[in-house]
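# Observations on the three-dimensional arrangement
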Amino acid sequence: MATQQTRSLARFMMAPSVILLFIWMIVPLAFTLWFSFQQYNPLNPIRDGFVGFSNYALFYSNPAFLQSILNTLAIVVSVLVITVVGGILLAMLLDQPIWGQGIVRILVISPFFVMPPVAALVWKNMIMHPQYGVFADIARFFGADPIDWFGQHPLTAVILIVAWQWLPFATLILLTSLQSLDGEQKEAAEMDGAGFLSRFWYLTLPHMSRAITVVILIQTIFLLSVYAEILVTTNGGPGYASTNLPFLVYQKALLEFKIGQASAGGIIAVILANIVAFFVMRAVGKNLDK
Amino acid sequence: MARAVTTQHKTIATTAAWIVALLIFFPILYTIITSFKSEQEAIQGFALIPSGTTESYAEVQAQSGYFKFFLNSVILSVGSTVLALLIAVPAAWSMAFSPTKRTKDILMWMLSTKMMPAVAVLFPIYLIFRDTGLLDSRIGLTVMLMLINLPIVVWMLYTYFREIPGEILEAARMDGASLWNEIIYVLTPMAVPGIASTMLLNIILAWNEAFWTIRLTTTDAAPLTAFISSFSSPQGLFWAKLSAASTLAIAPILIMGWFSQKQLVRGLTFGAVK
């Protein structure tokens, strides 16, 4: 059906999006790549110049680097486990016939709409504060010593906050998937005498597998670049205890002005993200063929 | 055919669901409650009933000019979304209605730009913004947020447009409708719901974006994300004011979010889960 004319019109209509995104993707990344092989310090320009791979070596030999990678992975994996397992359980609970389902859904989904700095500050000051937080109140009520979350378990605290933000997302998507499960299939399984566990294992879980994959992949993209939550609560500390890769790159670039090292870190972050992106694209692409 | 549900089963499920839901919602609820306390009350220990004072709200505005940040958030999120729609609607349209062999590749490539970690281009963008005077400007940040969300906008619109049956277009053409009439009278009415949902979700995403909005602004263009982050280094205890500022920052988007649950699933999963 497509004539020559409509085809060139289509190209014309697509051009702005494609060109803008192309520039957006290529230009800054090219700069970063270039900087990653340079010694460049805006505050001390005397020694600027090409340095080969030494930025990567420096970044690599920085003890903070390994820790930041480990912290990044710890955040991604822990939050994924909490949100996926919690999301499945919550979705199954909300899929039951309950009174006031609409309101319950709204309450559960709400944290997702809270901007990261607010979420972080609220948890930091009102929930986890060692003196005035609700957790401290609860601990004192039971006669225990309140936990100094950000001093002693900074990474766990960050993970809890981020998990709170993403649990609603996982729940909502898994619930959507669950609701498309054929009711008759469930009934048939029940009539055949399948118990709750075997129904869950052989019917519900396989049905949700696609949605679970999507949740894992999409959350991974966002979780790899957790930033505001760390900035507002622990500022990466104590030491580097809660510094992830994005936060380390930010520190190197805008606080220490070690642009070369920061850029090398940025490139490493790109490589990490690309590994994940590869799997995301495969999953989403498969769906496009349907 | 409805499943037989016992009242007992429903009561248990309801109780469990409400307890969990209230626990999850609690930090937000407690923030709202605390915002109606005085600073003294706020640090006196756990209490669910506030005195109902609104002094914190007045003080937040008086001390920090809260409204300016709010206005910036509105301008940035709405502006970037409208800009993204203007650019994305034609693209999504042509991909949905005259797809070529490469359409899928282009869509996938667009999605891939979304996966680039922001931190990898932090310094180049910072330099470009500084040297062109865009640092702390609404225009620069609007463009930035537009670029970040453009792939999602194109994708969402594409999945909506693809559901508009092509036969209707052909029928209109047979009846002699010009391209212009086709767009105004046939396509637009069918596309409006999809465009509206896309707009809603993207305003939410832009409103909550908390990397570029914090790093590329200082005062003039700073939206609520930057404003709230400035509370992170506390000078004294001001739980009530913090709560009031937080409540104001999340309220509009929370309400919008409640209306966009369905679109959220679709938009954030790139149409993979509906």
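Residues numbered from 1 in each chain as written. Chains lettered and ligands numbered in written order. Predicted model: local features only at pLDDT ≥ 70, side-chain atom pairs only at ≥ 80, totals over all residues.

With that settled, consider the overall build of chain A. Counting its secondary structure elements, chain A contains 13 helices and 2 strands. Here the C-alpha radius of gyration of chain A, 24 Å, is well above what a compact globule of 290 residues would show, namely 19 Å. Dimensions of chain A, computed from C-alpha atoms along their principal axes, come out at roughly 80 × 75 × 30 Å. Burial statistics for chain A: of 290 residues in total, 44% are counted as buried. Long-range contacts, defined here as pairs at least 24 residues apart, represent 70% of the contacts in chain A between residues at least 6 apart. (Helix = DSSP H or I, 4+ residues; strand = E, 2+ residues; numbered from the N terminus. Rg over C-alpha atoms; globule rule 2.2 N^0.38 Å. Buried ≥ 20, exposed ≤ 12 C-beta atoms within 10 Å, placed from the backbone. Contact = placed C-beta atoms within 7 Å.)

Here we come to unusual backbone geometry. Although it is not a glycine, A:Asn235 adopts a positive phi angle of roughly 55°. Inspection of the secondary structure assignment puts A:Asn235 in the loop between helix H11 (228-233) and helix H12 (245-255). Looking at A:Asn235, the number of C-beta atoms within 10 Å reads 16, which means it is partly exposed. Although it is not a glycine, B:Asp136 sits at a positive phi angle of roughly 60°. You can see B:Asp136 is positioned in the loop between helix H6 (122-131) and helix H7 (138-161).

All names here are of chain B. You can read the domains of chain B as domain 1 (7-55) and domain 2 (65-268). Just the C-alpha atoms count here: the centres of domain 1 and domain 2 sit 32 Å apart. Counting residues at the interface gives 9 residues for domain 1 and 8 residues for domain 2. Considering each element in turn, the side of domain 1 that touches domain 2 owes the most residues, 4 residues, to helix H1 (residues 7-35). Classifying every residue of the side of domain 1 that touches domain 2 by side-chain character gives 3 nonpolar, 4 polar and 2 charged. (Domains from an automatic or database assignment. Nonpolar A, V, L, I, M, F, W, Y, C, P; charged D, E, K, R; others polar.)

Let us now look at the interface of chain B and chain A. Listed by partner, the interface residues are 80 residues for chain B and 83 residues for chain A. Counting residues per element, the side of chain B that touches chain A draws most heavily on H1(B), at 16 residues. Of the residues belonging to the side of chain B that touches chain A, the class tally is 61 nonpolar, 16 polar and 3 charged.

Before going further, it helps to spend a moment on the packing of helix H5 (residues 103-113) of chain B against H7(B). Residue and element names in this part refer to chain B. Direction vectors running N to C along H5 and H7 enclose 145°, while the axes themselves pass 8 Å from each other. Where H5 crosses over H7, the two elements pack in a sense that is left-handed. Here H5 contributes Leu-107, Met-110, Leu-111 and Thr-113 to the contact with H7, which in turn contributes Pro-151, Val-154, Trp-155 and Tyr-158. Of the residues contributing to the contact of H5 with H7, the split by class is 7 nonpolar, 1 polar and no charged. (Axes fitted to C-alpha atoms, helices over the stretch in contact; angles between N-to-C directions. Left-handed = near helix turned anticlockwise from the far one by under 90°.)

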